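Overview (structure and organization)
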Amino acid sequence: MKKLIALLVLVLIGIQFIPVERTNPLVVYDIDAPANIKTVLKKACYDCHSNETEWAWYTEIAPLSFLTVKDVNEGRGHLNFSEWGNYTNKLGQVKNEIWEEVREEHMPPWMYRVVHSDAKLSQEEKDILRNWAMDK
Ligand code: HEC
């Protein structure tokens with residue numbers, strides 16, 4: 001048992017040396033939306049869906065760092081509020097998807113909500129998001 005724990009500790013130390021890249025690329029075109037919408041998106045979505053990620057302290061520690069970097073890269077790939085110009089031709093569809101994910105409570109992901117309590121949206125915040133998403 002002691003050997004196993006020692007091995008585990010060594011592995012945990014070892015993986016800290018695996019390089020991970022926490023990037024914040026330039027903001028190309030921040031979303032056009034009223035201030036109250038942006039406030040909600042910023043606190044609940046921007047960490048994974050923008051180039052303005054606030055990398056929390058725990059994202060410095062492997063293996064959490066691997067998981068968060070993967071989430072952010074994947075999230076940006078699906079939807080990036082810092083590249084809003086890419087969606088000009090399909091704004092209605094993108095806004096629909098945003099509302100769908102929030103309505104079904106897929107987004108923000110529950111694990112993120114556990115750590116970021118302010119990312120749990122109130123009914124009022126959901127209502128203003130819905131009204132914005134429906135208004136095309
Ligand atoms: C912790 C990171 C994280 C946060 C915070 C987050 N997302 Fe996501 N989001 C992801 C990842 C990863 C994916 C891609 C995988 C998936 O669909 O689950 C994704 C996918 C999406 C998609 C695309 C779904 C599809 O089927 O293509 C939408 C739309 C979306 N998120 C909206 C939001 C909105 C709106 C918020 C804030 C209310 C939000 N997300 C917060 C990580 C996040």
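Note that the coordinates shown come from a computational prediction; the quantities given were computed from them, not determined experimentally. (Residues numbered from 1 in each chain as written. Predicted model: local features only at pLDDT ≥ 70, side-chain atom pairs only at ≥ 80, totals over all residues. Heavy atoms only, no water.)

Some points on the site of the ligand
The criterion, for reference: To be near a molecule or strand, a residue needs just one of its heavy atoms within 4 Å of it. Any pair of N or O atoms that falls within 3.5 Å is considered a polar contact. Within protein, one atom must be able to donate a hydrogen and the other to accept it, and sequence-neighbouring residues count only if both atoms are side-chain atoms. Numbering goes from the N terminus for both helices and strands, where a helix is a DSSP run of H or I of at least four residues and a strand is a run of E of at least two. Gly counts as polar in this scheme, as do all residues outside two lists: the nonpolar Ala, Val, Leu, Ile, Met, Phe, Trp, Tyr, Cys and Pro, and the charged Asp, Glu, Lys and Arg.
Contacts to the ligand come from 17 residues, most closely from Cys45, Cys48, His49, His78 and Met107. Side-chain polar atom of His49 to a nitrogen atom of the ligand: 2.7 Å apart, as the coordinates give it. Those elements giving two or more residues to the shell around the ligand turn out to be α3 (46-49), α4 (64-78) and α5 (91-103). Taken together, the residues of the shell around the ligand break down into ten nonpolar, three polar and four charged.

A short note on the packing of aromatic side chains
Selection rule: Note on aromatic pairs: the rings of Phe, Tyr and Trp (six-membered ring only in Trp) are paired at centre separations within 6.5 Å, and the planes decide the class, stacked below 30 degrees, edge-to-face beyond 60, tilted for the rest. Relative accessible area decides the class of each residue, using a 1.4 Å probe on protein chains only: under 20% of the type maximum gives buried, over 50% gives exposed, and in between gives partly exposed.
Summed over the entire model, instances satisfying the criterion amount to four aromatic pairs. Both rings, one in Tyr46 and one in Phe81, keep their centres 5.6 Å apart while their planes meet at 10°; by these two values the pair is stacked. Remark: Phe81 occurs in the loop between α4 and α5 and Tyr46 occurs in helix α3; sequence separation between them is 35 residues. Grouping residues by exposure puts Tyr46 and Phe81 together as buried. Joined through ring pairs, the aromatic side chains of Tyr46, Phe81, Trp84 and Tyr87 make up one cluster.

As for the coordination of the iron atom of the ligand
Definition in use: Atoms are scored as donors when they are N, O or S and lie within 2.8 Å of the metal, with 3.2 Å used for Na, K and Ca; no water is included, so coordination may look incomplete. In this scheme the shape depends on donor count and angles: four donors with every angle between 85 and 135 degrees give tetrahedral, four or six donors with opposite pairs above 155 degrees and others between 65 and 115 give square planar or octahedral in turn, and any other case is irregular.
Only His49 (NE2) and Met107 (SD) from the protein coordinate the iron atom of the ligand, and they sit 2.0 to 2.3 Å from it. Here the iron atom of the ligand binds six donor atoms, and the angle range of 85 to 177° at the metal identifies the geometry as octahedral. In this pair, His49 is assigned in helix α3 and Met107 in the loop between α5 and α6 (110-115), connecting sequence segments 58 residues apart. Residue His49 is classed as buried on the basis of its relative accessible area, which comes to 11%.

Structural notes on the pattern of salt bridges
Note that side chains of opposite charge can pair when their charged atoms are close. What counts here: Any Lys or Arg side-chain nitrogen located within 4 Å of an Asp or Glu carboxyl oxygen qualifies as a salt bridge.
Summed over the entire model, instances satisfying the criterion amount to eight salt bridges. With a shortest N-O distance of 3.0 Å, Asp30 and Lys38 are connected by a salt bridge. The residue Lys43 makes a salt bridge to Glu125 at a minimum N-O spacing of 2.6 Å. Remark: Glu125 occurs in helix α7 (residues 123-134) and Lys43 occurs in helix α2 (residues 35-44); sequence separation between them is 82 residues. Connected via shared salt-bridge partners are Glu100, Arg103 and Glu104.

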